[in-house]
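Chain residues, written in single-letter form:
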Amino acid sequence: MKWWMRVGAFVAALTAAPAASAETIDVNGTMRSYTVQLPAKKPAPLVIVLHGKTQRGADMVTRTAWPQVAKREGLAVAFPDGLNHAWADARTKAGPELRGPPPGTDDIAFITKLVEKLVADGTADAKRVYVTGVSNGGAMVMTLICARADLFVAGASVIMNLTDETAVTCHPSRPLPMLIMNGTADPLIPYEGGRGSSYFAADGFWSTEKTVAFWRELNGCESDDASVTDLPGKAPDDQSSVTRITSRCPAGHDVLLYRINNGGHRMPGFAPDARFPKVATGLLGPQNADIDGAEAIWAFFSRFR
């Protein structure tokens, strides 16, 4: 199928996606909001989808394929809202320009209570809960897995790397499968590490290779790549390509990297991930359209239970 036909199919599917409802939950005296798309049959696998900084959960509903994937696969999917449009991940050494969540925000408690609520009301299968996020949401994914690995079956972090601070505080209670999806032309979270144009970490980001090596070591995997596969270029006009890199890990401890060659600070997808795609490309780099991020992540998650 041609890329423009796939975009048309995506848009058609978007209009057919089931409606998601806005909900709130009390977390330590603060009302926290989230959007949830309920499955036709319960209990169902649950995917927690975390937005990037400046976004809300609703943006992940309209700008990713998660609603369509959830409808097709019979999933429950929750799109929580970070306070001040941001997440209180494990990085504390951030510049004052960032205006992150209010001091004392406990997003680990928020996501934990959200998962527990959806399990308790019969929506979610406690043995099949997954978490994914982009950018600041990707950092929050790593924070959650490091702190509450008992809640999840697998995680996926998009356009984010570790820092010294987040790595030294990471002590998961058990190994979990991890997917990393990063672009080599990301101006905010440099693929090769460092500061880039971001102030998210005063000490700078690790490289993606070092981040993957960290998860491999944590999961008891071998240090070298198991396979390196260049995926077919299905969208020749997207200025980028995709390489899939696997690891040699114990069963159920997989670490998978999708390297988006010349990809920017964008989640790959068959439809635009921004209201003004040309402006986003100028600021954040190209969005890859050879794969869809949600589809690739669910293909990974669905292997584990």
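Nothing here was measured: the structure is a model prediction, and the numbers come from that model.

Cut-offs and rules
Every chain is numbered on its own, with residues counted from 1 as its sequence reads. This being a predicted model, a pLDDT of at least 70 is required before a residue's local features are given, and a value of 80 or more before pairs of side-chain atoms are given or counted; all residues contribute to the totals for chains, interfaces and linings. To get the side-chain values, take all heavy atoms of the structure and skip hydrogens and water. Per the convention used, a helix needs a DSSP run of H or I reaching at least four residues, while a strand needs a run of E reaching at least two, with both numbered from the N terminus. For every residue, the accessible area (1.4 Å probe, protein chains only) is compared with the maximum for its type, and the residue is labelled buried under 20%, exposed over 50%, or partly exposed between those bounds. Contact criterion: two residues are considered in contact whenever any of their non-hydrogen atoms come within 4.5 Å of each other. Where accessible areas are quoted, they stem from the Shrake-Rupley method and a 1.4 Å probe; at the residue level, only the protein chains shown are allowed to cover. What we call a nonpolar core is a set of buried Ala, Val, Leu, Ile, Met, Phe, Trp, Tyr and Cys residues that are connected through their side-chain atoms within 4.5 Å. Think of it this way: DSSP has to see at least two bridges between two strands before they count as a pair. Comment: axis = line fitted to C-alpha atoms, over the contacting stretch for helices; angle = value between 0 and 180 degrees taken between N-to-C directions. Polar contact is the term for a pair of N or O atoms within 3.5 Å; when the atoms are in protein, one must be able to donate a hydrogen and the other to accept it, and sequence-neighboring residues count only if both atoms are side-chain atoms.

Attention shifts here to the overall build of the protein. Looking only at helices and strands, one finds nine helices and 10 strands in the protein. Across the 305 residues in the protein, those meeting the buried criterion constitute 53%. Taking contacts inside the protein between residues at least 6 apart in sequence as the whole, the part at least 24 apart equals 67%. Looking at the protein as shown, the accessible area adds up to about 13100 Å², and 55% of this sits on carbon and sulfur atoms.

Glancing now at the nonpolar core. Counting residues in hydrophobic clusters, the biggest one holds 46 residues, and the most contacted among them are L46, I48, L50, I111, V131, F152 and W215. It is helix α5 (residues 136-148) that contributes the most residues to this core, seven residues altogether. Aside from chain neighbours lying at most four places away, what touches L50 is M60, P80, W87, I111, V131, T132, G133, V134, G137, M140, V141 and L144.

What follows is about the sheet that holds strand β1 (residues 21-27). Strand order in the open sheet formed by 10 strands is β1-β2-β4-β3-β5-β6-β7-β10-β9-β8, and the pairing between neighbours is mixed. With partners counted over all chains shown, the strands left at the sheet margins are β1 and β8 (225-230), one partner each. Across the sheet, the mean angle separating the axes of adjacent strands is 20 degrees when strand polarity is ignored. Judged from the five bridges that link them, strand β5 (residues 124-134) and strand β6 (residues 154-158) form a sheet pairing that is parallel. What sits directly across from V131, in β6, is G155. Sheet contacts for helix α4 (residues 107-120): β1, β2 (30-37), β3 (44-50), β4 (76-80) and β5; angle to β1, the most-contacted strand, approximately 120 degrees.

Moving on: helix α9 (residues 293-301). Burial of α9 is extensive: seven of the nine residues sit out of reach of the surface. Where α9 is buried, its residues contact β3, α3 (66-73), β5, β6, β7 (178-183) and β10 (255-261). The backbone nitrogen of A294 has a side-chain oxygen 3.1 Å away, supplied by the residue at the start of α9, namely D292.

Tracing the backbone shows A271 in the loop between β10 and α8 (277-284). Taking the C-alpha atoms as reference, A271 lies 8.4 Å from A65; in sequence the two are 206 residues apart.

Before going further, it helps to spend a moment on the side chain of D292. Among the secondary structure elements, D292 is positioned in the loop between α8 and α9. Overall, D292 belongs to the buried group, its relative accessible area being 5%. A polar contact is formed between the side chain of D292 and the backbone nitrogen of F270, at a distance of 3.3 Å.

So, to be careful, I would describe these as geometric facts and stop short of saying anything about function.
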